[in-house]
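# Examination of the molecular architecture
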Amino acid sequence: MTSLAYTVADSATMLRRNLKHQLRYPSLTLMLAGIPIVFLLLFVYVFGGQLGTRLGGHGAGGRGAYLTYVVPGILIITVASAALGTAISVATDMTGGIIDRFRTMAISRGAVLTGHVIGSLLQTLAVLVLVLGVSLAIGFRSHATALEWLAVAGVLALFAFALIWLSAALSMAAKSVETASNTPMFLTLLPFLSSAFVATATMPAGLRQFAEYEPFTPVTQTVRGLLTGGPIGTQAIAAIAWSIGIALVSYLWAVRLYNRRRAATPG
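Below is a short write-up of the structure. Just so it is clear, the structure is predicted and the values come from calculations on it, not from any experiment.

This part covers the overall build of the protein. A count of helical and extended segments in the protein gives eleven helices and zero strands. Overall, the protein shows an N-to-C arrangement of helices and strands of α-α-α-α-α-α-α-α-α-α-α. Across the 267 residues of the protein, 46% fall into the buried class. Roughly 12,800 Å² of accessible area belongs to the protein as shown, and the carbon and sulfur atoms make up 68% of that amount.

A separate point is the packing of aromatic side chains. Counted according to the given criterion, the structure contains ten aromatic pairs. For the pair Phe 159 and Phe 216, a centre-to-centre distance of 5.1 Å together with 85° between the ring planes defines the contact as edge-to-face. With Phe 159 in helix α6 (residues 146–173) and Phe 216 in helix α10 (residues 216–228), this residue pair connects regions lying 57 residues apart in the sequence. An identical accessibility class is assigned to Phe 159 and Phe 216; each is buried. The residue whose ring lies beneath Arg 224 is Tyr 69, and the NZ or CZ to ring-centre distance is 3.8 Å.

Turning next to a nonpolar patch on the surface. The grouping of Leu 41, Leu 42, Tyr 45, Val 46 and Phe 47 at the surface amounts to a nonpolar patch, some 440 Å² of accessible area in total. By secondary structure assignment, the location of Leu 41 is in helix α2 (residues 27–52). Judged by relative accessible area, Leu 41 falls into the partly exposed class, the value being 35%.

Moving on, we get to the nonpolar core. Core analysis: the biggest nonpolar cluster contains 57 residues, and Leu 75, Leu 156, Leu 163, Phe 197 and Val 223 have the highest contact counts within it. Contact partners of Phe 197, with chain neighbours within four places excluded, come to Phe 43, Tyr 66, Tyr 69, Val 70, Ile 74, Ile 77, Pro 191 and Phe 192.

Summarising the element assignment, Thr 220 is placed in helix α10. A relative accessible area of 0% means that Thr 220 is categorised as buried. There is a polar contact of 2.7 Å between the side chain of Thr 220 and the backbone oxygen of Phe 216.

Further remarks concern the environment of Pro 184. Relative to the helices and strands, Pro 184 resides in the loop between α7 (177–182) and α8 (186–189). Sequence-wise, Pro 184 and Ala 168 are 16 residues apart; in three dimensions their C-alpha atoms are separated by 9.4 Å. The contacts of Pro 184, once residues within four sequence positions are left out, are Leu 84, Ala 87, Ser 167 and Leu 170.

This paragraph deals with the side chain of Thr 200. The topology assignment puts Thr 200 in the loop between α8 and α9 (205–213). Take Thr 200: its relative accessible area is 14%, and that puts it in the buried class. With residues up to four places along the chain from it excluded, the contact list for Thr 200 reads Ser 194, Ser 195, Arg 208, Ala 211 and Glu 212.

This brings us to the environment of Ala 180. Within the secondary structure, Ala 180 sits in helix α7. Taking C-alpha positions, Ala 180 is 9.1 Å from Thr 92, a pair spaced 88 residues apart along the chain. Those residues in contact with Ala 180, other than ones at most four positions away along the chain, are Ala 87, Ala 91, Ser 171 and Ala 174.

Here the focus is the packing of α6 against α10. When two helices pack together, their arrangement is given by the angle between their axes and by how far apart the axes lie. Two elements in contact, α6 and α10, have axes separated by 9 Å at closest approach and are oriented at 160°. The angle between α6 and α10 places the two elements in the roughly antiparallel class. Seen from above, α6 lies across α10 with left-handed handedness. Between α6 and α10, the residues in contact are Glu 148, Trp 149, Ala 151, Val 152, Val 155, Leu 156, Phe 159 and Leu 163 and Phe 216, Val 219, Thr 222, Val 223, Leu 226 and Leu 227, respectively.

Reading the values: the criteria
- Residues numbered from 1 in each chain as written.
- Predicted model: local features only at pLDDT ≥ 70, side-chain atom pairs only at ≥ 80, totals over all residues.
- Heavy atoms only, no water.
- Helix = DSSP H or I, 4+ residues; strand = E, 2+ residues; numbered from the N terminus.
- Buried < 20%, exposed > 50% of the residue type's maximum accessible area, 1.4 Å probe, protein only.
- Areas by Shrake-Rupley, 256 points an atom, 1.4 Å probe, with all protein chains shown as cover.
- Phe/Tyr/Trp six-rings, centres within 6.5 Å; stacked < 30°, edge-to-face > 60°.
- Lys NZ or Arg CZ within 6 Å of the ring centre and 35° of its normal.
- Patch = residues over 30% accessible without salt bridge, like charges linked within 9 Å, V, L, I, M, F, W, Y side chains within 5 Å.
- Salt bridge = Lys/Arg side-chain N within 4 Å of Asp/Glu carboxyl O.
- Core = buried A, V, L, I, M, F, W, Y, C linked by side-chain atoms within 4.5 Å.
- Contact = heavy atoms within 4.5 Å.
- Polar contact = N/O pair within 3.5 Å; in protein donor to acceptor, adjacent residues only side chain to side chain.
- Axes fitted to C-alpha atoms, helices over the stretch in contact; angles between N-to-C directions.
- Parallel < 35°, antiparallel > 145°, perpendicular 65-115°, else oblique.
- Left-handed = near helix turned anticlockwise from the far one by under 90°.

Structural data, given as structure tokens:
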């Protein structure tokens, strides 16, 4: 119990440190919010009129129907984009002298990474609120109940937690901040190969099979079903399973790399 208490206290200290950094440098948070907002406006106002005419069961058709369809996908790409900030912040620490200092202090080994992850999770939730606010401002409406909104928040938070740990692990494996900022970029591409922007049924056979079984599709379908009242089926189970699996593997990988790697000496 004493060891656990020290770990929690150390993690809280690291969390405060990272939150102060985020408040001191808000440009990264604004950039992480700007990417999905640009995608939202682009897909709704440039492609929405055409893509919306092909949708059924999502309103009256056209741009309004596509807005209802695409917002869950935009929320998912928000999570993926926000996870990139973790890779940058972790790599910045690892390539500087601060980690060497932490190693000489009585700080739990996992607390440094946990502080980064929780700080990034809170940042991601704030960005999600901002993106959702823009979506509502341009006309998105949902008839979800309070319980369904809570479920949406839970699914998004769990998936964000998983991707943030994955980004932390990838940044630990990188040799520089530049490499760490590029390695997780595939996370922002996978939503385009899912049901986030178009129905998987319209894709070619090989791509459709990939899209149906990659993790972004069940998460998107679960969020979409909760927000629009559509069917969810076993998608929620798959979304939770993917999130827990990614989080567990990434956590173990990140901690192992942290324990084995020394911070690089600044040149």
